[in-house]
Amino acid sequence: MKNTELYQNGRNLGLISLAKFLSGFASYIYDIGVVIYLFQETESVTVIGGFFVAQLLPAFLILVIGGIIDKYNKKVLMIISNIVKAVLMACLLINRDIWCIYAVTFGMNLILEFEGSTISALIANVFAKGHLFKAASVINFVDSFSMIAAPLCASVLALYFRVDINLVLSCALYMVTAFSYGFITFIHVPQDSYIDGDKKLKVYMNLVRNKRILGTVFFWNIFMFCIGLASPLEVSMIEEKLQMPSQWYGIGNAVEGMGMLVASAFVLGKIRKLRPSTVIVLGLICAAMSQIVIGISGNIWVYFLGAVLGGITATFCPLGFKTEIQMEAEPESVGRTFAVSRFFILLSRMGGSLIVGQMLKLWNIRMLYLGIAGILIAAAAGYGRYICCLLYT
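Per chain, the residues get numbers from 1 upward, laid out in the order the sequence is written. Per-residue local features are limited, in this predicted model, to residues with pLDDT of at least 70; the limit for side-chain atom pairs, both in listing and counting, is 80 or more; totals at the level of whole chains, interfaces and linings are taken over all residues. The basis for every side-chain value is the complete set of heavy atoms in the structure, and neither hydrogens nor water enter the calculation.

Student: How would you summarise the environment of Ile312 if you had to cite specific residues and measurements?
Tutor: Examined against the element boundaries, Ile312 turns out to sit in helix α13 (residues 300-328). Note on classification: 1.4 Å probe, protein chains only; a residue is buried when its accessible area is under 20% of the maximum for its type, exposed when over 50%, partly exposed between these limits. In this structure Ile312 comes out as buried when scored by relative accessible area, which is 14%. The spacing of Ile312 and Ala263 is 49 residues in sequence and 5.1 Å in space, taken between C-alpha atoms. Any two residues whose heavy atoms approach within 4.5 Å are treated as being in contact. Contacts of Ile312, omitting those with residues within four sequence positions, involve Gly259, Met260, Ala263 and Cys286. Per the convention used, a helix needs a DSSP run of H or I reaching at least four residues, while a strand needs a run of E reaching at least two, with both numbered from the N terminus.

Pasting the structure below:
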């Protein structure tokens, strides 16, 4: 029986890792290809900011999906969502004006946010709590390869092909991802966990009373606000300050993927000595260092150093925040917990993306990067102190 469970655990881990890699590869191919396409067509930071806002608008709908995730079979939900993403890619092949790109991006990211909460709930259902951090670390390690391969692929495609090839490739990968999810089996809990109406209020009240989850979500919001500020600046920094073609944006993302890979390997090697809260603090510190290095960079190679630090951040912070919540939330309400959490962090990131264009009118882009770093350093210190207070009270 134990051998069978170990086999199923390993099989599920392999399938989820493969599906996450393929889906991540497809998403990066789309995102980077479209950002390069929009900048080449418009040369406007505001238009790029609009793209990122379109990614974040699903926050207004994200609250309603928690009940869906907890009620229905999470494996089936992941299959359906990847098929819908493939259909959206096919739609964009027909019409690629800016507003259509915004509309498809909105739909894509509504699904991606739905998937983000669903996959977190799926992992919590497939693996025991004691194995969650290790399973999430392995999945993150494999997924980080997509962050290296996809941006490089997108940059090469942008040099030699129209954006259509990105859309066709993404469409095919989403279909393969949907197929992969079909083979996952559940071990530890029933496939469906439905909470009746009388218990829903109690679930949300329990979330509010859980200081560990509340603190984690609060500092996750600060982190995502900073990401919202920084994301639209990258192409402009490369083109205007470093005097490099916009295709280097994709290469910079690939370098960031290398940082993700290094960070994932580090977490796997130190898995028994690290707590999720420690990983969060390290991630916030790396995020601040990344913004400082990018802000002072005078050439593309220094920028790449900042990108590596950004990749380390992109592993540490999401892994730490998500695992901390997974370990604290009740199994029957994981979907709702993540839906509520992501609702607020998406609003924070959207707020950053909305105001960054106006902030550029007041401050130099380099000063803006340094200001973001200051916020992140304060967040790292504040979160560390908050966790210490919880441990000793």
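Student: Run through a nonpolar patch on the surface, naming residues and quoting values.
Tutor: Exposure above 30% relative accessible area and the lack of any salt bridge qualify a residue for a patch; like charges then connect within 9 Å, and the nonpolar side chains Val, Leu, Ile, Met, Phe, Trp and Tyr within 5 Å. Here, Shrake-Rupley sampling with a 1.4 Å probe gives the accessible areas, and only protein chains in the shown set may cover a residue. When a carboxyl oxygen of Asp or Glu is within 4 Å of a side-chain nitrogen of Lys or Arg, the pair counts as a salt bridge. On the surface, Ile292, Ile296, Leu362, Trp363, Met367, Leu370 and Ile377 cluster together to form a nonpolar patch covering roughly 710 Å² of accessible area. Looking at the nonpolar patch, the elements with two or more residues in it are α12 (276-296) and α15 (365-391). At 3 residues, α15 tops the list of elements feeding residues into the nonpolar patch. Turning to its location among the elements, Leu362 is positioned in helix α14 (residues 334-362).

Student: Go over the packing of aromatic side chains with me, naming the residues and quoting the values.
Tutor: Each pair of aromatic rings taken from Phe, Tyr and Trp, with Trp reduced to its six-membered ring, is defined by centres within 6.5 Å and is described as stacked if the planes are under 30 degrees apart, edge-to-face if over 60, and tilted in the remaining cases. Under the defined criterion, the tally for this structure stands at 9 aromatic pairs. Ring plane angle 75° and centroid distance 5.2 Å describe the contact between Phe179 and Phe183, whose orientation is recorded as edge-to-face. The exposure class assigned to Phe183 is partly exposed, which follows from its relative accessible area of 38%. Arranged with centres 6.3 Å apart and planes meeting at 50°, the rings of Phe219 and Tyr386 form a pair that is tilted. Of this pair, Phe219 sits in helix α9 (residues 211-230) while Tyr386 sits in helix α15, and the two are 167 residues apart along the sequence. Overall, the relative accessible area of 9% leaves Phe219 in the buried class. Members of the aromatic cluster, joined through ring pairs, are Phe218, Phe219, Tyr383 and Tyr386.

Student: Tell me what's going on with the side chain of Thr315, and back it up with residues and numbers.
Tutor: With respect to the helices and strands, the residue Thr315 is situated in helix α13. Note on Thr315: relative accessible area 0%, which makes it buried. Polar side-chain contacts of Thr315 include one of 3.1 Å to the backbone oxygen of Met260. Excluding residues that lie within four positions of it along the chain, Thr315 makes contacts with Asn140, Met260, Ala263 and Ser264. Pairing of N or O atoms within 3.5 Å defines a polar contact, subject to two protein rules: one partner must be a possible hydrogen donor and the other a possible acceptor, and residues neighboring in sequence count only if both atoms are side-chain atoms.

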